[in-house]
Amino acid sequence: MGCCSSTEGERDWKPTENRRYTDIPWLIIFSLFCIGMALICGFAIATGGASRLVSGYDSYGNTCGRNNTNKKIDGVPLSGADMTEKKYVFFLEPCKFDVINRKIKSIALCVSKCPATELKTYRELKEFALSNGSNLCSYELTPTRYESSNERFLKCPKLPVPQSKAVPVFHRCIPMDISCYAEFAQAFITFVGDNTVLRRVIAGVITSKEIIMGLCVLAFVLSLIMTLVIRYISKVLVVILTILVIIGSVGGTGILWWLYADQKYALSNNSTSILWKEVAGDNDKALLVYAIGATIFTVVLLLLMFFLRKHVSLTISLFHVTGKVFTSLPMLFLHPFWTFLSLMMFWVYWIAVLLFLGTSGSPVKNNSTGVVEYQMEGPLQYMVWYHLVGLIWISEFILAFQQMTIAGAVSTYFFTRDKNNLPQFTVVYSSINTLRYHMGTVAKGSFIITLVKIPRIILTYIHTQLKGKENACARCMLKACVCCLYCLEKCLAFLNQNAYTATAINSTNFCSSVCDAFKLLLENAAQVAVINTVGDFVLFMGKVLIVSCTAFAGILALNYQQDYTVWVLPLLISCLFAYLVANCFLSLFENVVDVLFLCYAVDKKHNDGSSGRPYYMDKELMVRRLVECLRVIVIIIPWFSS
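Residues numbered from 1 in each chain as written. Predicted model: local features only at pLDDT ≥ 70, side-chain atom pairs only at ≥ 80, totals over all residues. Heavy atoms only, no water.

### So, the overall build of the protein chain
Thought 1: The secondary structure content of the protein chain amounts to 18 helices and 6 strands.
Thought 2: Taken across its 642 residues, the protein chain has 42% of its residues classed as buried.
Thought 3: Contacts spanning at least 24 positions in sequence make up 71% of the contacts within the protein chain whose residues lie at least 6 apart.
Thought 4: Carbon together with sulfur atoms contributes 67% to the accessible area of the protein chain, which is approximately 34,800 Å² in total. (Helix = DSSP H or I, 4+ residues; strand = E, 2+ residues; numbered from the N terminus. Buried < 20%, exposed > 50% of the residue type's maximum accessible area, 1.4 Å probe, protein only. Contact = heavy atoms within 4.5 Å. Areas by Shrake-Rupley, 256 points an atom, 1.4 Å probe, with all protein chains shown as cover.)

### Examining the environment of Val 89
Thought 1: Its location among the elements puts Val 89 in strand 1 (residues 88-91).
Thought 2: Separated by 25 residues in the primary sequence, Val 89 and Cys 114 place their C-alpha atoms 8.3 Å from one another.
Thought 3: Apart from the residues lying within four places of it in its own chain, the contact partners of Val 89 are Ser 55, Gly 56, Tyr 57, Cys 64, Ala 108, Leu 109, His 171, Arg 172 and Cys 173.

### Re the UniProt feature "transmembrane region" (unreviewed entry) in the protein chain
Thought 1: The feature "transmembrane region" (unreviewed entry), as given by UniProt, occupies residues 24-46, 211-230, 236-260, 287-308, 346-364, 384-415, 537-558 and 564-582 in the numbering adopted here.
Thought 2: Secondary structure across residues 24-46 comprises 100% helix and 0% strand; the distance between its end C-alpha atoms is 33 Å.
Thought 3: As annotated, residues 346-364 has a helix share of 68% and a strand share of 16%, and its two end C-alpha atoms lie 31 Å apart. (UniProt positions renumbered as here; feature names shortened; annotations may be inferred.)

### Quick notes on the layout of surface pockets
Thought 1: Reported here for the second largest pocket is a volume of approximately 1,400 Å³.
Thought 2: In terms of lining, the second largest pocket is formed by 42 residues, of which the most central are Leu 399, Gln 403, Asn 583, Ser 587 and Asn 591.
Thought 3: Within the residue set of the lining of the second largest pocket, elements represented by two or more residues are helix 7 (209-267), helix 10 (335-358), helix 11 (383-414), helix 13 (439-465), helix 14 (472-506), helix 16 (525-558) and helix 17 (564-606).
Thought 4: Partitioning the lining of the second largest pocket into residue classes produces 22 nonpolar, 12 polar and 8 charged. (1 Å grid on protein atoms, 1.4 Å probe; cavity = no way out; pocket = protein on both sides within 12 Å on 5 of 7 lines; lining within 4 Å. Points joined across faces, edges and corners; volume = space filled by probe spheres on them. Nonpolar A, V, L, I, M, F, W, Y, C, P; charged D, E, K, R; others polar.)

### Points about the nonpolar core
Thought 1: Judged by nonpolar contacts, the single largest core of 80 residues is most densely connected at Val 325 and Leu 332.
Thought 2: The element best represented in this core is helix 17, accounting for 16 residues.
Thought 3: With sequence-adjacent residues up to four places away left out, Leu 332 is seen in contact with Val 325, Phe 326, Ile 406, Ala 409, Val 410, Val 427, Leu 588 and Val 592.
Thought 4: With 28 residues, the next largest nonpolar core counts Met 83, Val 89, Leu 109 and Tyr 139 among its residues. (Core = buried A, V, L, I, M, F, W, Y, C linked by side-chain atoms within 4.5 Å.)

### Observations concerning the side chain of Asp 58
Thought 1: Residue placement: Asp 58 occurs in the loop between helix 2 (49-55) and strand 1.
Thought 2: Of the buried charged residues, Asp 58 lacks a salt bridge, with Lys 86 as the closest side chain of opposite charge at 8.4 Å.
Thought 3: Of the polar contacts made by the side chain of Asp 58, one reaches the backbone nitrogen of Gly 61; its length is 3.1 Å.
Thought 4: Of note is the side chain of Asp 58, whose polar atom sits 2.8 Å from the side chain of Tyr 139.
Thought 5: The residues contacting Asp 58, other than those within four sequence positions of it, are Cys 64, Met 83, Ala 108, Leu 109, Cys 110 and Tyr 139. (Lys, Arg positive; Asp, Glu negative; His and termini not counted. Salt bridge = Lys/Arg side-chain N within 4 Å of Asp/Glu carboxyl O. Polar contact = N/O pair within 3.5 Å; in protein donor to acceptor, adjacent residues only side chain to side chain.)

### Details of the pattern of salt bridges
Thought 1: For the structure on display, the rule yields 4 salt bridges.
Thought 2: Between Lys 453 and Glu 489 there is a salt bridge, with the nearest N and O atoms lying 3.3 Å from each other. One end of the pair, Lys 453, is in helix 13; the other, Glu 489, is in helix 14, and 36 residues separate them in sequence.
Thought 3: On the accessibility criterion, Lys 453 (16% relative accessible area) is buried.
Thought 4: A relative accessible area of 7% places Glu 489 in the buried class.
Thought 5: Ionic pairing is found between Glu 523 and Lys 605, a salt bridge with its closest N-O pair at 3.1 Å. Residue Glu 523 is found in helix 15 (residues 510-523), and its partner Lys 605 is found in helix 17; the two are separated by 82 residues along the sequence.

Right under this line is the structure:
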């Protein structure tokens, strides 16, 4: 990227001062891209895709509820009809699904009214058509011929015609009894062996909906409490982690050596056969290699834990300060909800435009089925790919905007000496600053993630399509490429987040911020490693605790329902929601910890605690910094005296 190729010297960090615009060219590029997305939506609406999707259309290219006389399609004699009075779409076989293409594989007709009662005979079909003007058979078959024509078996719906819902859904006649969709549902629900189990499970969800809602609220409250109190239990969780690691590594190594000794003793027994001795000899060598490798790993791990033990206290201190940040900036809790709402609104818009595009283009007759399909030809077909890139880039942009806002709010808190005089509505102020000054930086950072994510998605799709067809070498190479791109994406995401923090502090462009953040992280590599390992474990334990408490409460609440297949799904739904909520809150907690660490590194590097350059950091971090300085003095004084 050329981000760190600048020849400028050491940067003089000036937190929250000299706010200026950053990465204006990228803001222009992103704005032009969004205009392109809007033009695609306008094209889909202008070409009739939106009206066809909303109003519905039949299998011959006629839009229901519209006059189509000026839209005659060559080779389709039933096209170009006036459907002004026929506003609803009726499917001859509404339950015939094409699972692969995810659509109803049936002849569609425009009708003036959906059948309000079940029609069991062709006479009833004829009477309904004559009284309501709704021909439920193909257009070329008049109602008077419903009972006599031999074509009725091909051009009329299969009897009995099910009753439709009172209010058509998007101008589509939907059967009142949706049991005919069981085949479509079973294509996705493979674990259900019979409809009885499916009905019992759905009944369990419906009867337990109040309990599910209560458990979801409980998960939300537990996540909120965990975010506030995790600073008090972080030390206990770190101790648990240390004990588990020591027991696991030492115990595993001891078991391997015991198995090796047992195998060695059995091999020395002369009563065994020669063939068994050859096999046992190979196992003996393998166990020896495993035991030696485990011993080396355990020794290195224990040494690392011993020498990095002092950095663990920094993680605990950061957790304490993070709890104070949430207490001082309670509006941080609302930001994930705004982000989620923004993503939902954008995704709904994106799906709607995608559906519009699916019904846009030129009408083409399918010679095999005789029905009309809409296809985008020439350069217009690339609109879908442009739209797909927009899904990824704008989604990443929304997430990056949240990270920049959090970075700005937390850095403002950190670099304010008197925490009691914080600016009012700090989080809102940070959002305004991001909107005003740093949208270009957010656009550039999210675009870099998009560049990595797109090829990973393409390779994953290729691997899925070729599953079982490619050879072992190709499968291994695809998996390796996907894994490498995934790791690269995670590394870039971590670096981007720290770059947003540097931008929020210094108001520098993206490349300069990446370079500055990378240098700081490199100078504090050991502390970064400890924070990201110990911190992630502590947060993982918090997630497990929230899910476990929700599951325990769910078991107590659902215990009176003894049938396992009835309450297992409500419990799973509640646990899944609990994990999502816990992940949302504790991921926010993790973001704040990362921002605080970079601010701490800046403060530690450019200030020394003297009257001329006092620290900005919290008292807990200041005490920890004082302990570090005392350790250095204890080491240096004997060296000078010698």
